[in-house]
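Chain by chain, the residues:
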Amino acid sequence: MSQRVLTTESGAPVADNQNSATAGAGGPLLLQDQHLLEKLARFNRERIPERVVHARGSGAYGHFEVTDDVTEFTYADFLSTVGRRTEVFVRFSTVADSLGGADAVRDPRGFAVKFYTEEGNYDLVGNNTPVFFIKDPIKFPDFIHSQKRDPFTGRQEPDNVWDFWAHSPEATHQVTWLMGDRGIPASYRHMNGYGSHTYQWTNSAGEAFFVKYHFKTNQGIRCLSAEQAAETVGRDANSHQTDLLQAIERGVRPSWTLYVQLMPAAEADGYRFNPFDLTKVWPHQDYPLRRVGRLVLDRNPDNVFAEVEQAAFSPNNFVPGIGPSPDKMLQGRLFAYADAHRYRLGVNHTQLAVNAPRATTAQNYGRDGLMASNAQGRAAKNYEPNSYDGPAETGRPLSAPLAVAGHTGTHAAPPHTKDDDFSQAGELYRLMSAEEKSRLIANIAGGLSQVSRDDVIDKNLAHFHAADPEYGRRVEEAVRALRED
(Lines give C-alpha, C1' and ligand atoms only; values in the text may rest on other atoms or scores of the structure.)
Protein backbone atom coordinates (compact mmCIF):
# COMPACT_ATOMS: atom_id res chain seq x y z
CA MET A 1 0.00 0.00 0.00
CA SER A 2 1.46 3.35 -1.02
CA GLN A 3 2.03 5.90 1.70
CA ARG A 4 -0.49 8.72 1.90
CA VAL A 5 0.70 12.20 0.95
CA LEU A 6 0.94 14.87 3.67
CA THR A 7 -0.99 17.99 2.61
CA THR A 8 -1.79 21.48 3.78
CA GLU A 9 -5.31 22.17 5.01
CA SER A 10 -6.27 23.26 1.53
CA GLY A 11 -5.16 19.87 0.19
CA ALA A 12 -1.87 20.87 -1.45
CA PRO A 13 1.02 18.38 -1.05
CA VAL A 14 3.77 19.29 1.44
CA ALA A 15 7.27 18.98 0.04
CA ASP A 16 9.24 19.41 3.30
CA ASN A 17 7.82 19.10 6.83
CA GLN A 18 11.22 19.19 8.55
CA ASN A 19 12.69 22.51 7.40
CA SER A 20 11.17 25.98 7.11
CA ALA A 21 11.77 28.12 4.02
CA THR A 22 14.59 30.63 4.50
CA ALA A 23 16.35 33.37 2.58
CA GLY A 24 19.40 31.32 1.79
CA ALA A 25 20.80 28.35 3.67
CA GLY A 26 21.40 30.31 6.87
CA GLY A 27 19.07 33.21 6.33
CA PRO A 28 15.90 34.38 8.09
CA LEU A 29 12.50 32.77 7.55
CA LEU A 30 10.30 33.75 4.65
CA LEU A 31 6.78 35.08 5.13
CA GLN A 32 5.79 33.18 2.02
CA ASP A 33 6.18 29.79 3.77
CA GLN A 34 2.44 29.10 3.84
CA HIS A 35 2.88 25.64 5.39
CA LEU A 36 4.85 27.03 8.34
CA LEU A 37 2.39 29.89 8.92
CA GLU A 38 -0.59 27.55 8.71
CA LYS A 39 0.92 25.12 11.23
CA LEU A 40 1.82 27.83 13.74
CA ALA A 41 -1.50 29.64 13.37
CA ARG A 42 -3.48 26.43 13.85
CA PHE A 43 -1.34 25.44 16.83
CA ASN A 44 -2.10 28.79 18.50
CA ARG A 45 -5.81 28.03 18.15
CA GLU A 46 -5.89 24.39 19.26
CA ARG A 47 -7.46 25.23 22.61
CA ILE A 48 -10.95 26.56 23.16
CA PRO A 49 -12.24 28.09 26.41
CA GLU A 50 -12.54 25.32 28.96
CA ARG A 51 -15.77 24.72 30.81
CA VAL A 52 -16.10 26.93 33.87
CA VAL A 53 -17.38 23.86 35.74
CA HIS A 54 -16.91 20.20 34.82
CA ALA A 55 -13.76 21.12 32.86
CA ARG A 56 -11.81 17.95 33.65
CA GLY A 57 -13.62 15.04 32.01
CA SER A 58 -13.51 11.61 30.40
CA GLY A 59 -16.02 9.89 28.16
CA ALA A 60 -17.01 6.75 26.29
CA TYR A 61 -19.64 5.38 23.92
CA GLY A 62 -22.01 2.51 24.57
CA HIS A 63 -25.69 1.64 24.63
CA PHE A 64 -28.72 1.70 26.88
CA GLU A 65 -31.00 -1.35 26.85
CA VAL A 66 -34.53 -1.35 28.28
CA THR A 67 -35.04 -4.29 30.66
CA ASP A 68 -38.42 -3.42 32.21
CA ASP A 69 -41.72 -2.08 30.94
CA VAL A 70 -42.27 1.58 31.93
CA THR A 71 -44.87 2.49 29.29
CA GLU A 72 -47.38 3.00 32.11
CA PHE A 73 -45.43 6.13 33.01
CA THR A 74 -43.90 7.55 29.80
CA TYR A 75 -44.49 7.39 26.07
CA ALA A 76 -40.80 8.13 25.32
CA ASP A 77 -40.12 6.00 22.26
CA PHE A 78 -36.64 4.81 23.27
CA LEU A 79 -38.15 3.39 26.49
CA SER A 80 -41.17 1.80 24.79
CA THR A 81 -40.00 -1.78 24.26
CA VAL A 82 -38.16 -4.24 26.49
CA GLY A 83 -34.92 -5.20 24.76
CA ARG A 84 -34.64 -2.00 22.76
CA ARG A 85 -31.15 -0.52 22.54
CA THR A 86 -30.16 3.12 22.09
CA GLU A 87 -26.63 4.35 21.39
CA VAL A 88 -25.23 6.64 24.12
CA PHE A 89 -22.24 8.83 24.88
CA VAL A 90 -21.37 9.36 28.55
CA ARG A 91 -19.10 12.05 29.98
CA PHE A 92 -17.76 11.92 33.54
CA SER A 93 -16.05 14.89 35.15
CA THR A 94 -14.87 16.64 38.26
CA VAL A 95 -16.73 19.88 39.02
CA ALA A 96 -14.61 22.60 40.61
CA ASP A 97 -11.11 22.14 39.21
CA SER A 98 -9.69 23.23 35.87
CA LEU A 99 -8.94 21.14 32.80
CA GLY A 100 -5.44 20.49 34.13
CA GLY A 101 -6.62 19.32 37.55
CA ALA A 102 -6.19 15.85 39.01
CA ASP A 103 -8.89 13.16 38.92
CA ALA A 104 -8.64 11.71 42.43
CA VAL A 105 -9.81 14.77 44.39
CA ARG A 106 -12.63 15.40 46.86
CA ASP A 107 -15.26 16.84 44.55
CA PRO A 108 -18.63 15.84 43.14
CA ARG A 109 -18.49 14.10 39.76
CA GLY A 110 -20.52 14.97 36.72
CA PHE A 111 -22.45 12.05 35.19
CA ALA A 112 -23.92 13.12 31.82
CA VAL A 113 -25.62 10.74 29.37
CA LYS A 114 -26.53 11.56 25.78
CA PHE A 115 -29.11 9.15 24.33
CA TYR A 116 -29.08 9.20 20.51
CA THR A 117 -32.79 8.35 20.14
CA GLU A 118 -34.92 8.14 17.01
CA GLU A 119 -36.82 11.21 18.23
CA GLY A 120 -33.69 13.30 18.72
CA ASN A 121 -30.99 13.45 21.36
CA TYR A 122 -32.02 13.22 25.00
CA ASP A 123 -29.46 14.57 27.48
CA LEU A 124 -29.61 13.54 31.13
CA VAL A 125 -27.13 15.75 32.97
CA GLY A 126 -26.49 14.82 36.59
CA ASN A 127 -23.87 14.05 39.23
CA ASN A 128 -22.64 11.15 41.34
CA THR A 129 -24.62 12.54 44.27
CA PRO A 130 -28.42 12.68 44.48
CA VAL A 131 -28.39 16.22 45.95
CA PHE A 132 -26.54 19.50 45.46
CA PHE A 133 -25.30 22.45 47.55
CA ILE A 134 -27.96 25.01 46.59
CA LYS A 135 -31.59 25.08 45.51
CA ASP A 136 -31.80 28.31 43.47
CA PRO A 137 -29.74 29.04 40.34
CA ILE A 138 -29.28 32.70 41.26
CA LYS A 139 -26.73 31.47 43.82
CA PHE A 140 -24.83 29.23 41.39
CA PRO A 141 -22.20 31.72 40.11
CA ASP A 142 -21.44 32.76 43.69
CA PHE A 143 -21.16 29.16 44.83
CA ILE A 144 -18.73 28.27 42.04
CA HIS A 145 -16.68 31.42 42.66
CA SER A 146 -16.31 30.39 46.30
CA GLN A 147 -14.98 26.96 45.30
CA LYS A 148 -12.64 28.12 42.51
CA ARG A 149 -9.23 29.75 42.79
CA ASP A 150 -9.26 33.02 44.68
CA PRO A 151 -8.67 35.98 42.32
CA PHE A 152 -5.90 37.35 44.58
CA THR A 153 -4.10 34.28 45.93
CA GLY A 154 -4.67 32.14 42.83
CA ARG A 155 -5.56 29.06 44.89
CA GLN A 156 -8.62 27.49 46.45
CA GLU A 157 -9.14 29.15 49.83
CA PRO A 158 -10.80 27.42 52.82
CA ASP A 159 -12.02 30.85 53.93
CA ASN A 160 -14.03 31.23 50.72
CA VAL A 161 -15.31 27.65 50.62
CA TRP A 162 -16.55 27.56 54.20
CA ASP A 163 -17.72 31.18 54.26
CA PHE A 164 -20.17 30.46 51.45
CA TRP A 165 -21.37 27.26 53.15
CA ALA A 166 -21.71 29.15 56.46
CA HIS A 167 -24.22 31.46 54.78
CA SER A 168 -25.95 28.65 52.87
CA PRO A 169 -27.41 26.22 55.42
CA GLU A 170 -29.13 24.27 52.61
CA ALA A 171 -25.64 23.00 51.65
CA THR A 172 -25.33 20.91 54.84
CA HIS A 173 -26.74 17.75 53.23
CA GLN A 174 -24.37 17.84 50.24
CA VAL A 175 -21.41 18.81 52.43
CA THR A 176 -22.10 15.64 54.45
CA TRP A 177 -22.06 13.61 51.23
CA LEU A 178 -18.90 15.29 49.94
CA MET A 179 -16.93 14.94 53.15
CA GLY A 180 -18.02 11.34 53.68
CA ASP A 181 -16.54 8.16 52.26
CA ARG A 182 -18.03 8.69 48.79
CA GLY A 183 -16.38 12.08 48.36
CA ILE A 184 -13.47 10.64 46.34
CA PRO A 185 -14.52 7.81 43.98
CA ALA A 186 -11.78 5.29 43.17
CA SER A 187 -12.73 5.50 39.49
CA TYR A 188 -15.58 6.59 37.28
CA ARG A 189 -16.58 2.93 36.94
CA HIS A 190 -17.02 2.51 40.69
CA MET A 191 -19.54 5.26 41.44
CA ASN A 192 -23.27 5.75 41.01
CA GLY A 193 -24.83 8.42 38.84
CA TYR A 194 -27.98 10.41 39.53
CA GLY A 195 -30.18 12.73 37.51
CA SER A 196 -30.23 14.63 40.84
CA HIS A 197 -32.98 16.98 39.62
CA THR A 198 -36.65 16.11 39.50
CA TYR A 199 -37.91 15.62 35.93
CA GLN A 200 -41.31 14.81 34.47
CA TRP A 201 -42.53 11.74 32.61
CA THR A 202 -45.84 11.76 30.74
CA ASN A 203 -47.70 8.64 29.57
CA SER A 204 -49.83 8.20 26.45
CA ALA A 205 -52.97 9.10 28.42
CA GLY A 206 -51.49 12.48 29.35
CA GLU A 207 -50.89 11.55 33.00
CA ALA A 208 -47.82 13.21 34.52
CA PHE A 209 -45.31 11.70 36.95
CA PHE A 210 -42.32 13.38 38.55
CA VAL A 211 -39.20 11.25 38.26
CA LYS A 212 -35.73 10.93 39.76
CA TYR A 213 -33.02 8.87 38.02
CA HIS A 214 -30.55 6.53 39.76
CA PHE A 215 -27.73 4.80 37.84
CA LYS A 216 -26.38 2.09 40.16
CA THR A 217 -22.89 0.88 39.28
CA ASN A 218 -22.66 -2.84 38.59
CA GLN A 219 -18.95 -2.78 39.44
CA GLY A 220 -19.68 -1.94 43.09
CA ILE A 221 -18.94 1.28 44.96
CA ARG A 222 -15.23 1.88 45.56
CA CYS A 223 -13.82 5.05 47.07
CA LEU A 224 -10.49 6.45 48.24
CA SER A 225 -9.50 7.86 51.61
CA ALA A 226 -7.77 11.23 51.61
CA GLU A 227 -4.44 9.48 52.08
CA GLN A 228 -5.06 7.02 49.24
CA ALA A 229 -6.17 9.86 46.98
CA ALA A 230 -2.99 11.86 47.64
CA GLU A 231 -0.91 8.82 46.78
CA THR A 232 -2.96 8.20 43.62
CA VAL A 233 -2.60 11.80 42.42
CA GLY A 234 1.16 11.60 42.95
CA ARG A 235 1.33 8.41 40.94
CA ASP A 236 -1.07 9.37 38.13
CA ALA A 237 -2.98 12.65 38.11
CA ASN A 238 -5.08 11.20 35.28
CA SER A 239 -6.03 8.10 37.26
CA HIS A 240 -9.76 8.07 36.40
CA GLN A 241 -9.09 8.70 32.71
CA THR A 242 -6.44 5.97 32.70
CA ASP A 243 -8.76 3.49 34.40
CA LEU A 244 -11.71 4.09 32.08
CA LEU A 245 -9.59 4.03 28.92
CA GLN A 246 -7.67 0.89 29.83
CA ALA A 247 -10.71 -0.98 31.15
CA ILE A 248 -12.63 -0.53 27.89
CA GLU A 249 -9.54 -1.24 25.75
CA ARG A 250 -9.01 -4.60 27.46
CA GLY A 251 -12.63 -5.60 26.92
CA VAL A 252 -14.14 -4.69 30.27
CA ARG A 253 -17.55 -3.12 29.68
CA PRO A 254 -18.50 -0.90 32.62
CA SER A 255 -22.24 -0.91 33.27
CA TRP A 256 -24.90 0.68 35.42
CA THR A 257 -28.48 -0.35 36.14
CA LEU A 258 -30.97 2.50 35.79
CA TYR A 259 -33.70 2.81 38.39
CA VAL A 260 -36.25 5.57 38.78
CA GLN A 261 -38.43 6.92 41.55
CA LEU A 262 -41.88 7.98 40.33
CA MET A 263 -44.25 10.39 42.07
CA PRO A 264 -47.73 10.98 40.61
CA ALA A 265 -47.87 14.70 39.86
CA ALA A 266 -50.95 15.16 42.03
CA GLU A 267 -48.98 14.12 45.14
CA ALA A 268 -46.30 16.84 44.82
CA ASP A 269 -48.16 19.70 46.50
CA GLY A 270 -49.03 17.66 49.59
CA TYR A 271 -45.65 15.94 50.04
CA ARG A 272 -44.04 16.64 53.41
CA PHE A 273 -41.15 18.55 51.86
CA ASN A 274 -40.66 20.31 48.55
CA PRO A 275 -40.09 17.49 46.01
CA PHE A 276 -38.38 19.94 43.64
CA ASP A 277 -35.69 20.95 46.15
CA LEU A 278 -32.31 19.79 44.80
CA THR A 279 -30.85 19.65 48.33
CA LYS A 280 -33.17 16.78 49.29
CA VAL A 281 -33.73 13.13 48.35
CA TRP A 282 -37.04 11.28 48.20
CA PRO A 283 -36.92 8.47 50.79
CA HIS A 284 -37.18 5.08 49.10
CA GLN A 285 -39.89 3.94 51.49
CA ASP A 286 -42.07 6.71 50.02
CA TYR A 287 -41.18 6.13 46.38
CA PRO A 288 -39.35 2.81 45.82
CA LEU A 289 -36.79 2.30 43.09
CA ARG A 290 -38.22 0.85 39.88
CA ARG A 291 -35.79 -0.77 37.42
CA VAL A 292 -35.74 0.57 33.85
CA GLY A 293 -32.67 -0.71 32.01
CA ARG A 294 -28.93 -1.15 31.71
CA LEU A 295 -26.28 1.33 30.58
CA VAL A 296 -23.13 -0.25 29.09
CA LEU A 297 -19.94 1.46 27.88
CA ASP A 298 -17.90 -0.42 25.26
CA ARG A 299 -15.98 2.01 23.02
CA ASN A 300 -13.44 4.73 23.70
CA PRO A 301 -13.47 7.97 21.72
CA ASP A 302 -10.93 8.17 18.89
CA ASN A 303 -10.08 11.77 19.78
CA VAL A 304 -10.52 13.14 23.30
CA PHE A 305 -10.71 16.76 22.20
CA ALA A 306 -13.23 16.22 19.41
CA GLU A 307 -15.47 13.86 21.33
CA VAL A 308 -15.02 14.59 25.05
CA GLU A 309 -13.94 18.22 25.21
CA GLN A 310 -16.42 19.24 22.51
CA ALA A 311 -19.27 17.06 23.79
CA ALA A 312 -22.15 19.38 24.64
CA PHE A 313 -24.85 18.22 27.05
CA SER A 314 -27.87 20.30 27.92
CA PRO A 315 -30.78 19.33 30.16
CA ASN A 316 -33.16 21.13 27.80
CA ASN A 317 -32.63 18.42 25.19
CA PHE A 318 -35.83 16.47 25.88
CA VAL A 319 -37.75 13.97 23.75
CA PRO A 320 -41.52 13.36 23.65
CA GLY A 321 -42.69 11.83 26.93
CA ILE A 322 -40.02 13.53 29.07
CA GLY A 323 -39.93 17.12 30.29
CA PRO A 324 -38.95 19.51 33.08
CA SER A 325 -40.34 20.04 36.55
CA PRO A 326 -40.58 23.23 38.69
CA ASP A 327 -37.13 22.37 40.14
CA LYS A 328 -35.56 25.86 40.24
CA MET A 329 -32.02 24.62 39.70
CA LEU A 330 -33.14 22.57 36.71
CA GLN A 331 -34.99 25.55 35.29
CA GLY A 332 -31.81 27.64 35.49
CA ARG A 333 -29.73 24.94 33.84
CA LEU A 334 -32.18 24.67 30.94
CA PHE A 335 -30.72 28.00 29.82
CA ALA A 336 -27.22 28.00 31.25
CA TYR A 337 -25.90 24.75 29.79
CA ALA A 338 -26.92 25.43 26.19
CA ASP A 339 -25.66 29.00 26.47
CA ALA A 340 -22.26 27.79 27.75
CA HIS A 341 -21.88 25.61 24.66
CA ARG A 342 -22.83 28.44 22.32
CA TYR A 343 -20.06 30.49 23.93
CA ARG A 344 -17.40 27.76 23.98
CA LEU A 345 -18.13 25.94 20.73
CA GLY A 346 -20.30 28.29 18.69
CA VAL A 347 -23.94 28.37 17.71
CA ASN A 348 -23.47 25.36 15.41
CA HIS A 349 -22.01 23.05 18.06
CA THR A 350 -24.93 20.64 17.55
CA GLN A 351 -23.52 19.85 14.10
CA LEU A 352 -20.33 18.37 15.58
CA ALA A 353 -20.28 14.60 15.23
CA VAL A 354 -20.49 13.83 18.96
CA ASN A 355 -23.46 16.19 19.41
CA ALA A 356 -25.41 15.59 16.22
CA PRO A 357 -28.43 13.26 16.22
CA ARG A 358 -27.51 9.76 15.02
CA ALA A 359 -30.79 7.90 14.78
CA THR A 360 -32.61 10.80 13.12
CA THR A 361 -31.87 14.04 11.27
CA ALA A 362 -32.16 17.56 12.65
CA GLN A 363 -34.58 19.56 10.48
CA ASN A 364 -35.22 23.22 11.30
CA TYR A 365 -34.74 26.75 10.01
CA GLY A 366 -31.55 27.64 11.84
CA ARG A 367 -29.02 28.96 9.35
CA ASP A 368 -25.52 30.29 9.03
CA GLY A 369 -23.28 31.36 11.93
CA LEU A 370 -19.68 30.37 12.60
CA MET A 371 -18.72 26.94 11.15
CA ALA A 372 -22.14 26.31 9.62
CA SER A 373 -22.14 23.00 7.75
CA ASN A 374 -25.85 22.22 7.36
CA ALA A 375 -26.33 23.43 3.80
CA GLN A 376 -30.02 22.98 2.97
CA GLY A 377 -29.93 23.18 -0.82
CA ARG A 378 -30.53 26.14 -3.11
CA ALA A 379 -34.32 26.02 -2.84
CA ALA A 380 -34.57 25.49 0.94
CA LYS A 381 -36.41 28.23 2.79
CA ASN A 382 -35.22 29.70 6.08
CA TYR A 383 -38.60 30.70 7.47
CA GLU A 384 -41.77 29.01 8.72
CA PRO A 385 -44.61 28.64 7.96
CA ASN A 386 -44.03 28.29 4.23
CA SER A 387 -45.60 26.79 1.13
CA TYR A 388 -42.56 24.70 0.13
CA ASP A 389 -43.03 21.51 2.17
CA GLY A 390 -40.54 22.54 4.85
CA PRO A 391 -40.51 20.85 8.25
CA ALA A 392 -43.63 21.66 10.28
CA GLU A 393 -44.67 21.52 13.93
CA THR A 394 -46.41 18.46 15.37
CA GLY A 395 -48.82 20.26 17.69
CA ARG A 396 -48.11 17.67 20.39
CA PRO A 397 -46.31 18.89 23.54
CA LEU A 398 -43.30 16.87 24.69
CA SER A 399 -44.71 16.57 28.22
CA ALA A 400 -47.75 17.45 30.30
CA PRO A 401 -48.26 21.15 31.09
CA LEU A 402 -47.32 22.45 34.53
CA ALA A 403 -49.97 24.40 36.42
CA VAL A 404 -48.96 27.88 37.56
CA ALA A 405 -50.73 30.50 39.67
CA GLY A 406 -50.04 33.67 41.64
CA HIS A 407 -48.16 36.91 41.13
CA THR A 408 -44.76 37.34 39.52
CA GLY A 409 -41.89 38.19 41.85
CA THR A 410 -38.86 36.76 43.62
CA HIS A 411 -40.55 34.10 45.74
CA ALA A 412 -39.14 31.53 48.09
CA ALA A 413 -40.50 28.05 47.41
CA PRO A 414 -43.93 27.45 49.00
CA PRO A 415 -43.45 25.77 52.39
CA HIS A 416 -44.19 22.09 53.00
CA THR A 417 -44.72 20.57 56.43
CA LYS A 418 -41.21 19.08 56.72
CA ASP A 419 -39.13 21.64 54.81
CA ASP A 420 -35.81 22.33 56.55
CA ASP A 421 -32.13 22.37 55.64
CA PHE A 422 -30.80 19.91 58.20
CA SER A 423 -32.96 16.83 58.81
CA GLN A 424 -31.76 14.85 55.78
CA ALA A 425 -28.13 15.65 56.55
CA GLY A 426 -28.73 14.27 60.05
CA GLU A 427 -30.41 11.16 58.65
CA LEU A 428 -27.45 10.58 56.34
CA TYR A 429 -25.04 10.94 59.28
CA ARG A 430 -27.00 8.43 61.38
CA LEU A 431 -26.92 5.90 58.52
CA MET A 432 -23.12 5.82 58.64
CA SER A 433 -21.07 3.25 60.52
CA ALA A 434 -18.84 4.35 63.39
CA GLU A 435 -15.79 4.25 61.09
CA GLU A 436 -17.56 6.24 58.38
CA LYS A 437 -18.59 8.88 60.91
CA SER A 438 -15.01 9.22 62.14
CA ARG A 439 -13.68 9.73 58.63
CA LEU A 440 -16.42 12.26 57.89
CA ILE A 441 -15.59 14.26 61.02
CA ALA A 442 -11.87 14.23 60.18
CA ASN A 443 -12.50 15.41 56.61
CA ILE A 444 -14.74 18.29 57.69
CA ALA A 445 -12.46 19.37 60.52
CA GLY A 446 -9.41 19.25 58.27
CA GLY A 447 -10.89 21.93 56.05
CA LEU A 448 -12.92 23.96 58.54
CA SER A 449 -9.98 24.29 60.97
CA GLN A 450 -8.04 26.20 58.28
CA VAL A 451 -10.64 29.00 58.19
CA SER A 452 -9.25 32.23 59.63
CA ARG A 453 -12.46 33.76 61.00
CA ASP A 454 -14.09 32.37 64.14
CA ASP A 455 -17.56 33.61 63.15
CA VAL A 456 -17.44 31.60 59.90
CA ILE A 457 -16.42 28.49 61.83
CA ASP A 458 -19.23 29.04 64.34
CA LYS A 459 -21.84 29.43 61.60
CA ASN A 460 -20.79 26.13 60.02
CA LEU A 461 -20.73 24.35 63.37
CA ALA A 462 -24.29 25.50 63.99
CA HIS A 463 -25.37 23.72 60.81
CA PHE A 464 -23.86 20.41 61.93
CA HIS A 465 -25.38 20.79 65.41
CA ALA A 466 -28.79 21.36 63.80
CA ALA A 467 -28.39 18.26 61.65
CA ASP A 468 -27.54 16.01 64.61
CA PRO A 469 -26.30 16.93 68.10
CA GLU A 470 -23.60 14.26 68.10
CA TYR A 471 -22.52 15.27 64.59
CA GLY A 472 -22.12 18.90 65.66
CA ARG A 473 -20.36 18.09 68.91
CA ARG A 474 -17.80 15.83 67.25
CA VAL A 475 -17.03 18.31 64.47
CA GLU A 476 -16.64 21.10 67.03
CA GLU A 477 -14.26 19.05 69.18
CA ALA A 478 -12.20 17.99 66.17
CA VAL A 479 -11.90 21.56 64.87
CA ARG A 480 -10.92 22.85 68.30
CA ALA A 481 -8.24 20.17 68.65
CA LEU A 482 -6.72 20.99 65.27
CA ARG A 483 -6.69 24.74 65.93
CA GLU A 484 -5.01 24.26 69.30
CA ASP A 485 -2.14 22.25 67.81
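Check the entry above for the structure.
1. Describing the overall build of the chain
Part 1: Of regular secondary structure, the chain possesses 12 helices and 10 strands.
Part 2: Pairs at least 24 apart in sequence give 74% of the contacts found in the chain among residues at least 6 apart.
Part 3: Accessible surface, the chain as shown: approximately 24800 Å² in total, 52% of it carbon and sulfur.
Part 4: A gap of 3 Å separates the mean positions of the 51 positive and 61 negative side-chain charges of the chain.

2. A few points about the packing of helix 4 (residues 172-179) against helix 9 (residues 423-431)
Part 1: Between helix 4 and helix 9, whose axes approach to 7 Å, the crossing angle comes to 25°. With respect to helix 9, the element helix 4 is oriented roughly parallel. Residues Thr172, His173, Thr176 and Trp177 of helix 4 form the contact with helix 9, whose participating residues are Gln424, Ala425 and Leu428.
Part 2: Here the residues of the contact of helix 4 with helix 9 are counted per class, giving 3 nonpolar, 4 polar and no charged.

3. Things to note about the packing of helix 2 (residues 140-147) against helix 3 (residues 158-166)
When two helices pack together, their arrangement is captured by the angle between the axes and the distance separating the axes.
Part 1: At a minimum axis separation of 7 Å, helix 2 and helix 3 run at an interaxial angle of 145°. Contacts between helix 2 and helix 3 involve Asp142, Phe143, Ser146 and Gln147 from the first element and Asn160, Val161, Phe164 and Trp165 from the second.
Part 2: Within the contact of helix 2 with helix 3, the residues separate by chemical class into 4 nonpolar, 3 polar and 1 charged.

4. Quick look at the pattern of salt bridges
Side-chain pairing between opposite charges can occur once the charged atoms of the two side chains come close.
Part 1: Inspection of every chain in the model, using the stated rule, returns 29 salt bridges.
Part 2: In this structure, the salt-bridge partner of arginine 358 is glutamate 87, at a minimum N-O distance of 3.0 Å. Highlighted residues: arginine 358 in the loop between helix 8 (328-345) and helix 9 and glutamate 87 in strand 2 (residues 85-94), separated in sequence by 271 residues.
Part 3: Among the charged side chains, a network of salt bridges with common partners joins Lys135, Asp277, Lys280 and Asp421.

5. Some thoughts on the side chain of arginine 344
Part 1: Within the secondary structure, arginine 344 sits in helix 8.
Part 2: The residues contacting arginine 344, other than those within four sequence positions of it, are Ile48, Pro49, Glu50, Arg51 and Glu309.

6. What about helix 4?
Part 1: Of all 8 residues in helix 4, 8 are buried; the element is thus mostly enclosed.
Part 2: Listing the buried residues of helix 4 in full gives Thr172, His173, Gln174, Val175, Thr176, Trp177, Leu178 and Met179.
Part 3: Contact partners of the buried residues in helix 4: helix 3, helix 9, helix 10 (434-448), helix 11 (454-467) and helix 12 (469-484).

7. Concerning unusual backbone geometry
Part 1: Cis geometry marks the peptide bond from glutamate 384 to proline 385, where omega comes out at 5°.
Part 2: Here proline 385 lies in the loop between helix 8 and helix 9.
Part 3: Located in the positive-phi region is serine 196, a residue other than glycine, with phi close to 65°.
Part 4: Relative to the elements of secondary structure, serine 196 occurs in the loop between strand 5 (193-194) and strand 6 (199-202).
Part 5: Even without being a glycine, aspartate 389 presents a positive backbone phi close to 60°.
Part 6: By the element assignment, aspartate 389 lies in the loop between helix 8 and helix 9.
Part 7: Its relative accessible area of 79% is what places aspartate 389 among the exposed residues.

8. Side note on the pairing of strand 8 (residues 255-264)
Along a regular strand, successive side chains alternate from one face of the sheet to the other.
Part 1: Across the 10 residues that make up strand 8, a large majority, 8, are buried.
Part 2: Sheet analysis places strand 7 (residues 208-217) next to strand 8, joined by 9 bridges and oriented antiparallel. Paired with valine 211 across the two strands is leucine 262, which belongs to strand 8.
Part 3: The sheet contact formed by strand 8 and strand 9 (residues 290-299) spans 6 bridges and is antiparallel. If you follow leucine 258 over to strand 9, its bridge partner there is glycine 293.

9. Focus on the packing of aromatic side chains
Part 1: Taken as a whole and assessed by the stated rule, the structure comprises 29 aromatic pairs.
Part 2: Between phenylalanine 78 and tyrosine 122 the ring centres are 6.0 Å apart and the planes differ by 50°, which places this aromatic pair in the tilted class. Separated by 44 residues along the polypeptide, phenylalanine 78 in the loop between strand 1 (57-66) and strand 2 and tyrosine 122 in strand 4 (residues 120-127) bring together distant segments of the chain. Neither phenylalanine 78 nor tyrosine 122 differs from the other in exposure class; each is buried.
Part 3: Here the aromatic rings of phenylalanine 133 and tryptophan 165 are separated by 5.6 Å at their centres, their planes lie at 10°, and the arrangement is stacked.

10. Describing the environment of aspartate 136
Part 1: In this structure, aspartate 136 sits in the loop between strand 4 and helix 2.
Part 2: We classify aspartate 136 as partly exposed; its relative accessible area is 21%.
Part 3: Through-space distance from the C-alpha of aspartate 136 to that of alanine 413 is 9.6 Å; in sequence the pair is 277 residues apart.
Part 4: Polar side-chain contacts of aspartate 136 include one of 3.2 Å to the side chain of lysine 328.

11. Notes on the side chain of arginine 56
Part 1: Tracing the sequence through the fold places arginine 56 in the loop between helix 1 (34-44) and strand 1.
Part 2: Owing to a relative accessible area of 11%, arginine 56 belongs among the buried residues under this scheme.
Part 3: Side chain to side chain, arginine 56 and asparagine 238 meet in a polar contact 2.6 Å long.
Part 4: Sequence-distant contacts of arginine 56, defined by excluding residues within four places in its chain, comprise Arg91, Phe92, Ser93, Thr94, Ser98, Leu99, Gly101, Asp103, Tyr188, Asn238 and Gln241.

12. Here's the deal with the pairing of strand 7
Part 1: Burial runs high along strand 7: 9 of the 10 residues are buried.
Part 2: Bridge analysis of strand 5 against strand 7 gives 2 bridges, and the strand direction is antiparallel. Bridge pairing in strand 7 links glycine 193 to phenylalanine 215.
Part 3: As paired strands, strand 6 and strand 7 are joined by 4 bridges and run antiparallel to one another. The residue bridging tryptophan 201 from the neighbouring strand is phenylalanine 209, located in strand 7.
Part 4: Between strand 6 and the antiparallel strand that follows it, strand 7, lie 5 residues; glycine 206 among them carries a positive phi value of about 85°.

Parameters and conventions
Residues take numbers from 1 onward in each chain, read along the sequence in its written order. Only residues with pLDDT of 70 or above have their local features reported here, since the model is predicted, and side-chain atom pairs are shown and tallied only from 80 upward, although totals for entire chains, interfaces and linings are computed over all residues. Note that water and hydrogens are dropped before the side-chain values are worked out from all heavy atoms of the structure. Numbering of helices and strands starts at the N terminus; helices are DSSP runs of H or I of at least 4 residues and strands are runs of E of at least 2. Two residues qualify as a contact provided that any one of their heavy atoms is within 4.5 Å of a heavy atom in the partner residue. Here the Shrake-Rupley method, with its probe set to 1.4 Å, supplies the accessible areas, and only the displayed protein chains count as covering residues. Lys and Arg are tallied as positive, Asp and Glu as negative. Neither His nor the chain termini are counted. Think of each charge as sitting on NZ of Lys, CZ of Arg, CG of Asp or CD of Glu. To obtain an axis, a line is fitted to C-alpha atoms, over the contacting stretch when the element is a helix, and the angle between two such axes runs from 0 to 180 degrees between their N-to-C directions. With respect to orientation, any angle under 35 degrees is reported as roughly parallel, any angle over 145 as roughly antiparallel, any angle of 65 to 115 as roughly perpendicular, and every other angle as oblique. Note on residue categories: nonpolar means Ala, Val, Leu, Ile, Met, Phe, Trp, Tyr, Cys or Pro, charged means Asp, Glu, Lys or Arg, and polar means any other residue, Gly included. Salt-bridge detection follows one rule: a side-chain nitrogen of Lys or Arg within 4 Å of a carboxyl oxygen of Asp or Glu. Think of it in three bands: residues with accessible area under 20% of the maximum for their type are buried, residues over 50% are exposed, and the middle band is partly exposed, with areas taken using a 1.4 Å probe on protein chains only. Two strands pair under a simple rule: DSSP has to find at least two bridges between them. Paired rings are identified among Phe, Tyr and Trp, the last through its six-membered ring, by centres lying within 6.5 Å, and are further divided according to the angle between planes into stacked (under 30 degrees), edge-to-face (over 60) and tilted (the rest). In protein, a polar contact requires one atom able to donate a hydrogen and another able to accept it; more generally it is a pair of N or O atoms within 3.5 Å, and residues adjacent in sequence count only if both atoms are side-chain atoms.

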